[in-house]
Amino acid sequence: MAEMSPGAALRQLQQAQAGLRKARQALRLTKGDPNAVPKTLKAAWESLAHTHRLLASIPLDAADEAVMTKQLAVQRYATALLVRLRRLLRREHVEDADDDFGDDEN
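Conventions we followed
- Residues numbered from 1 in each chain as written.
- Predicted model: local features only at pLDDT ≥ 70, side-chain atom pairs only at ≥ 80, totals over all residues.
- Heavy atoms only, no water.
- Helix = DSSP H or I, 4+ residues; strand = E, 2+ residues; numbered from the N terminus.
- Buried < 20%, exposed > 50% of the residue type's maximum accessible area, 1.4 Å probe, protein only.
- Contact = heavy atoms within 4.5 Å.
- Areas by Shrake-Rupley, 256 points an atom, 1.4 Å probe, with all protein chains shown as cover.
- Axes fitted to C-alpha atoms, helices over the stretch in contact; angles between N-to-C directions.
- Parallel < 35°, antiparallel > 145°, perpendicular 65-115°, else oblique.
- Left-handed = near helix turned anticlockwise from the far one by under 90°.
- Nonpolar A, V, L, I, M, F, W, Y, C, P; charged D, E, K, R; others polar.
- Expected span 1.5 Å × (residues − 1).
- Patch = residues over 30% accessible without salt bridge, like charges linked within 9 Å, V, L, I, M, F, W, Y side chains within 5 Å.
- Salt bridge = Lys/Arg side-chain N within 4 Å of Asp/Glu carboxyl O.
- Lys, Arg positive; Asp, Glu negative; His and termini not counted.
- Charge placed at Lys NZ, Arg CZ, Asp CG, Glu CD.
- Core = buried A, V, L, I, M, F, W, Y, C linked by side-chain atoms within 4.5 Å.

Quick notes on the overall build of the protein
Here comes step 1: When its secondary structure is counted, the protein shows three helices and zero strands.
Here comes step 2: When the helices and strands of the protein are listed from N to C terminus, the series reads α-α-α.
Here comes step 3: The buried share among the 106 residues of the protein stands at 30%.
Here comes step 4: Taking the intrachain contacts of the protein between residues at least 6 apart in sequence as the baseline, contacts between residues at least 24 apart amount to 82%.
Here comes step 5: Carbon and sulfur atoms provide 52% of the accessible area of the protein, an area that totals close to 7,900 Å².

Structure (structure tokens):
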């Protein structure tokens, strides 16, 4: 197996972040369409899983400062997407809630 260079790692991280952006955009388009929620959740989850596999596969030799900085950015973006997925899932399971605040009990 060929070693990964920092440039290749950066390109892969950029592609992963682009996939996360597409998933987040799909979430925005899902608003107001409860029928689209399961498909969107699945696609976004697959994007998250792919991103985490990529993050774990970058060897230490390819992890220079630029790569590590980009990894931080991608991880923050992935975390934000995961929070949105969690909120979407919670709302999906709440049947006809009286309030629109999205507050959950502990």
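So, the packing of helix 1 (residues 6–30) against helix 2 (residues 37–57)
Here comes step 1: Running from N to C, helix 1 and helix 2 cross one another at 165°; their axes reach a closest spacing of 9 Å. When the interaxial angle is binned, helix 1 and helix 2 end up roughly antiparallel. Here the hand of the crossing between helix 1 and helix 2 comes out left-handed. Facing Gln12, Leu13, Ala16, Gly19, Leu20, Ala23, Ala26, Leu27 and Thr30 of helix 1, the residues of helix 2 in contact are Val37, Thr40, Ala44, Ser47, Leu48, Thr51, Leu54 and Leu55.
Here comes step 2: Partitioning the contact of helix 1 with helix 2 into residue classes produces 11 nonpolar, six polar and no charged.

With respect to helix 1
Since one α-helical turn is 3.6 residues long, residues separated by three or four positions face the same way.
Here comes step 1: Helix length check: helix 1, at 25 residues, gives a terminal C-alpha distance of 36 Å against a target of 36 Å (1.5 Å per residue), a fit within 8%.
Here comes step 2: The complete set of buried residues in helix 1 reads Ala8, Ala9, Leu13, Ala16, Gln17, Leu20, Ala23, Arg24, Leu27 and Thr30.

Things to note about a positive patch on the surface
Here comes step 1: Taken together, the side chains of Arg28, Lys31, Arg84, Arg86, Arg87 and Arg91 make up a positively charged region of the molecular surface.
Here comes step 2: Top contributing element to the positive patch by residue count: helix 3 (residues 65–93), with four residues.
Here comes step 3: Checked against the element boundaries, lysine 31 lands in the loop between helix 1 and helix 2.

Side note on the nonpolar core
Here comes step 1: If you look at the biggest cluster of nonpolar residues, it comprises 23 residues, and the most contacted ones within it are Leu13, Leu20, Ile58, Leu81 and Leu85.
Here comes step 2: Among the elements of the structure, helix 1, helix 2 and helix 3 are those that each provide at least two residues to this core.
Here comes step 3: Those residues in contact with leucine 20, other than ones at most four positions away along the chain, are Ser47, Leu48, Thr51, Val74, Tyr77, Ala78 and Leu81.

Remarks on the side chain of glutamine 17
Here comes step 1: Mapping glutamine 17 onto the fold places it in helix 1.
Here comes step 2: With a relative accessible area of 8%, glutamine 17 lands in the buried category.
Here comes step 3: For glutamine 17, the residues in contact, after removing those within four places along its chain, are Lys70, Ala73, Val74 and Tyr77.

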